[in-house]
Amino acid sequence: MRLTVAQALVRFLAVQYTERDGRRHRLIAATWGIFGHGNVAGIGQALLESGPHAMPFLQGRNEQAMVHAAVGYARQSGRLSTHAVTTSIGPGATNLVTGAAVATINRIPVLLLPGDTFATRPADPVLQQLEVPHAGDVSANDALRPVSRHFDRVTRPEALVPAALQAVRVLTDPVQTGAVTLALPQDVQAEAYDWPEEFFAERVWGVRRPRPDRAELAAAADAVRGSARPLIVAGGGIRHSEAQASLAALAEATGIPVAVTQAGKGVLPHGHPADVGGIGHTGTATAAALAREADLVLAAGTRLSDFTTASATLFQNPAVRFTGLNLDPYDAHKLAARPLVADAREALDELRDALAGHRVDTAYETTYRQEAARWEARVDAAYAVSAADEELPPTQAQVLGLLDALVDGSDILVNAAGSLPGDLHKLWRARSADQYHLEYGYSCMGYEIPAALGVALAAPGRPVWALVGDGTYLMNPTEIVTAVQEGVPIRLVVLDNHGYASIGGLSGAVGAEGFGTAYRFRAPDGTYTGDPLPVDLAANAASLGMAVIRARTVRDLREALAEARSATRPTCVYVQTRTPDTVSGPPPAPAWWDVPVAETATRKAAAEAREEYDRQAAQRRRHL
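Residues numbered from 1 in each chain as written. Predicted model: local features only at pLDDT ≥ 70, side-chain atom pairs only at ≥ 80, totals over all residues. Heavy atoms only, no water.

A.B. asks: Describe the overall build of the protein, and please don't skip the residues or the numbers.
C.D. replies: The number of helices and strands found in the protein is 24 helices and 23 strands. For 624 residues, the compact-globule estimate of 2.2 N^0.38 gives 25 Å, and the protein sits close to it at 25 Å. Burial status across the protein gives 57% buried among its 624 residues. Put simply, of all contacts in the protein between residues at least 6 apart along the chain, 77% involve residues at least 24 apart. In the form shown here, the protein has an accessible surface area of approximately 24600 Å², with 53% of it arising from carbon and sulfur atoms. (Helix = DSSP H or I, 4+ residues; strand = E, 2+ residues; numbered from the N terminus. Rg over C-alpha atoms; globule rule 2.2 N^0.38 Å. Buried < 20%, exposed > 50% of the residue type's maximum accessible area, 1.4 Å probe, protein only. Contact = heavy atoms within 4.5 Å. Areas by Shrake-Rupley, 256 points an atom, 1.4 Å probe, with all protein chains shown as cover.)

Here's what the structure looks like:
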């Protein structure tokens, strides 16, 4: 079959499928693209020729945002279906780097198809070519190597066959998955070749569920039986494995409490008796207290990042030991854990059977449930709205409280950066397994709006909310235009606090005194402490095609959120928030996070911050 390389690649991708538990999914459900001279005559022409049924096309506005949308789609699809992203050479290709890092760090499959410079070098350099005098085979696309789980450059037509098969192998591997890059020189894209018809046969890639090793399972069961204060830390791997019911069954059978990471929040529904909330720096005081006293931690489907471990200060029991339940041996061995390398659902089911008849002490169970109930009272206090508050701007916690009162299990919340992840991890009451969509592996500002679009494409008919601060909005609002173009009714909630509130708070805590974090005019002393900038984000969203509702008070906001939820077109709710007081605001961080402070400084704030840093850092420990 004689086709160009680009035509062959599109035809190949259109017939790739995943299958798990007897359910089949199209692997590449659509291709995002922005066209330039590096892909318009190759992949662009091939997409046109294939037609929208064979390969649906989505027109993006920013290359990074297209990857974020693909990540949102893939995560909502359980990593069983994803999107491809095609770009031109030069800046179009390098704009993929941040999105690729998001995908790889969060273990989400995305296929990147950047155009590349000429393989045959008829003219050297060509437009947008990065010249590297010591290496003629390097291009700007090589910037994608460290953020890709698999990278290949297709420099000859026949090389596409093994390259495409390897790309799909990695995309469908639950351990290795992440961003996969196939760099496509623009001349090779347009070159014709006689392809074997078998290359275009439908392929189904099974997504494995490996069972645990018997010895590792027995060791894990023995560890649980020998512990007095066990704790399960559940991460995003529970969600990827669809192991929520298995986790709940194990917790119910044994009484072991479950704390959740940002990626794991929602794997137990709010109100489950074993749920003790978020763990780590942004978590609940209940989970932090349990972690400090735990003598066994079952880390299930988590990478154990520094936010989860409170920078190695959280697990303080001298006798604490870890069991690492993970598909990836690299993660399963962290903190010197006894590994339990397996699919989360399979391992949790078999561990429950191995622990038949075992249950934690009644006093332990009663205590953590009482503490969890006390935490819920603190959430109620943070969400509370008094009669006087009705005519005032809302606090950020009150915004979440009003949304909490409105949504049901069908709603999905998307967030990634700023002060919102901390408040959401502490306060949000997840009503379904996929309601809480936080990208906190890379915590990438600008992820939320395009990811919400991707989520909405994967979950049509469900209300999808992108929650952003003004700093994040300004980073990447471009895919509002795509949502309007495609008629996807995402709901955008913009919380304007005139600057980077999260990093501003951190700046104050580490002695940097909020330097460079406010969106204000310069004051006479040269600092950004003047009046707020006259930037109208609501007008900006309206100019991009959104319906916009401005909310000035709590009363306005309650009505605006309800109107947005019932909207049938992309809708933005804009509100300026007020700073909470110490009573009504969200509870403070229950655990430390290591951000090094200047060891020498002349300013008092930095000197005091260093004293606190040294005090906290002294609690770090190596789990060996």
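The structure having been displayed, the exposition proceeds.
A.B. asks: Can you explain the packing of aromatic side chains? Please cite residues and give values.
C.D. replies: Scanning the model with the defined rule gives 11 aromatic pairs in all. A centroid spacing of 5.4 Å and a plane angle of 20° characterise the contact between Phe-35 and Phe-57, whose relative ring orientation is stacked. Of this pair, Phe-35 sits in the loop between β4 (28-33) and α2 (40-50) while Phe-57 sits in strand β5 (residues 57-59); the two residues are 22 residues apart in sequence, bridging distant segments of the chain. In this structure Phe-57 comes out as partly exposed when scored by relative accessible area, which is 32%. Aromatic pair Trp-592 and Tyr-613: ring centres 5.6 Å apart, planes at 55°, arrangement tilted. Of this pair, Trp-592 sits in the loop between β23 (571-576) and α24 (604-617) while Tyr-613 is found in helix α24, placing the two residues 21 residues apart along the sequence. Overall, the relative accessible area of 13% leaves Trp-592 in the buried class. (Phe/Tyr/Trp six-rings, centres within 6.5 Å; stacked < 30°, edge-to-face > 60°.)

A.B. asks: Hey, could you go over the environment of Asp-353 for me, with residue numbers and the actual values?
C.D. replies: Note that Asp-353 resides in helix α14 (residues 344-354). Spatially, the C-alpha atoms of Asp-353 and Ala-253 are 9.6 Å apart, while their sequence positions differ by 100 residues.

A.B. asks: Residues and numbers for unusual backbone geometry, please.
C.D. replies: Omega for the peptide link from Asp-124 to Pro-125 comes to 10°, which places this bond in the cis form. By the element assignment, Pro-125 lies in the loop between β7 (110-116) and β8 (150-153). For Ser-311, which is not glycine, the phi torsion reads 50° and is therefore positive. Its location among the elements puts Ser-311 in the loop between α12 (306-309) and β16 (321-326). Backbone geometry at Ala-336 places phi at a positive 55°, although glycine is not the residue there. With respect to the helices, strands and loops of the structure, Ala-336 is situated in the loop between α13 (329-332) and β17 (338-341).

A.B. asks: Residue-level account of the environment of Lys-426, with values.
C.D. replies: Mapping Lys-426 onto the fold places it in helix α17 (residues 420-427). Judged by relative accessible area, which is 9%, Lys-426 ranks as buried. Sequence separation of Lys-426 and Thr-282 is 144 residues, and the distance between their C-alpha atoms is 6.3 Å. Once you skip the residues sitting within four places of it in the chain, Lys-426 turns out to touch Thr-282, Gly-283, Thr-284, Trp-375, Val-379, Pro-587, Pro-588, Ala-589 and Pro-590.

A.B. asks: Which residues make up the sheet that holds β8, and what values do they have?
C.D. replies: Strand order in the open sheet formed by 6 strands is β5-β4-β6-β7-β9-β8, with parallel pairing between adjacent strands. The outermost strands of the open sheet, each flanked by one partner alone, are β5 and β8. With strand direction ignored, the average angle separating the axes of adjacent strands in the sheet is 20°. Pairing analysis gives 3 bridges linking β4 to β5, with the strands arranged parallel. Residue pairing across strands places Trp-32 opposite Leu-58, the latter belonging to β5. (Pairing = 2+ DSSP bridges. Axes fitted to C-alpha atoms, helices over the stretch in contact; angles between N-to-C directions.)

A.B. asks: Please give an account of the pairing of β4 that cites residues and values.
C.D. replies: When you tally the buried positions in β4, you get 6 out of 6 residues, the bulk of the element. As judged from the 5 bridges shared by β4 and strand β6 (residues 82-87), these two strands associate in the parallel manner. Within β6, the position partnered with Ile-28 by the bridge is Thr-82. With respect to chirality, the unit in which β4 leads through α2 into the neighbouring parallel β5 is right-handed. (Right-handed = clockwise from strand over helix to strand, strands pointing away.)

A.B. asks: I'd like to hear about α2, residue by residue, with values.
C.D. replies: When α2 is considered as a whole, its buried residues turn out to be Gly-42, Ile-43, Gly-44, Ala-46 and Leu-47. Down the axis of α2, the buried set is contained in an arc of 165°. They therefore lie on one face. In α2, the exposed positions angled more than 90 degrees off the buried face are occupied by Ala-41, Leu-48 and Glu-49. Here the buried face of α2 lies against α1 (5-13), β4, β5, β6, β9 (179-185) and α7 (186-189). Looking one or two places after α2, you find Gly-51, whose phi comes out positive at around 85°. (Arc of directions from axis to C-beta.)

A.B. asks: Can you tell me about the pairing of β16, naming the residues and giving the values?
C.D. replies: The buried count for β16 comes to 5 of 6 residues, which makes it a mostly enclosed element. Direction of pairing for strand β15 (residues 296-300) relative to β16: parallel, over a ladder of 5 bridges. Each bridged residue has a counterpart across the sheet, and for Leu-296 the counterpart in β16 is Arg-321.

A.B. asks: An account of the pattern of salt bridges is requested, with residue identities and associated values reported.
C.D. replies: All chains considered together, the criterion is met by 41 salt bridges. Asp-328 serves as the salt-bridge partner of Arg-107, at 3.9 Å between the closest nitrogen and oxygen. With a gap of 221 residues between them, Arg-107 in the loop between α5 (97-105) and β7 and Asp-328 in the loop between β16 and α13 connect regions that are remote in the sequence. You can call Arg-107 buried: its relative accessible area is 17%. Residue Asp-328 is classed as buried on the basis of its relative accessible area of 12%. Put simply, Arg-429 and Asp-404 hold a salt bridge, and the shortest N to O gap is 3.9 Å. Residue Arg-429 is found in the loop between α17 and β19 (436-438), and its partner Asp-404 is found in helix α16 (residues 396-406); the two are separated by 25 residues along the sequence. Take Arg-429 and Asp-404: they sit in the same class, and that class is buried. Salt bridges sharing partners connect three or more residues here, namely Arg-20, Asp-21, Arg-23, Arg-209, Glu-242, Asp-343, Arg-345 and Glu-346. (Salt bridge = Lys/Arg side-chain N within 4 Å of Asp/Glu carboxyl O.)

A.B. asks: Break down the environment of Ala-363 for me, citing the residues and quoting the values.
C.D. replies: Along the chain, Ala-363 falls in helix α15 (residues 362-383). Considering only alpha carbons, one finds Ala-363 and Leu-392, 29 residues apart in sequence, at a separation of 44 Å.

A.B. asks: Explain a nonpolar patch on the surface to me, using residue names and the numbers behind them.
C.D. replies: On the surface, Leu-474, Phe-521, Leu-533 and Val-535 cluster together into a nonpolar patch covering about 330 Å² of accessible area. Along the chain, Val-535 falls in the loop between α21 (501-509) and α22 (537-543). (Patch = residues over 30% accessible without salt bridge, like charges linked within 9 Å, V, L, I, M, F, W, Y side chains within 5 Å.)

A.B. asks: Residue-level account of the state of the cysteines, with values.
C.D. replies: Applying the stated criterion across every chain yields a total of 0 disulfides. The structure places no disulfide on Cys-444, whose sulfur is separated from the nearest cysteine sulfur, that of Cys-572, by 20 Å. Using a relative accessible area of 6% as the deciding quantity, one classes Cys-444 as buried. (Disulfide = S-S within 2.5 Å.)

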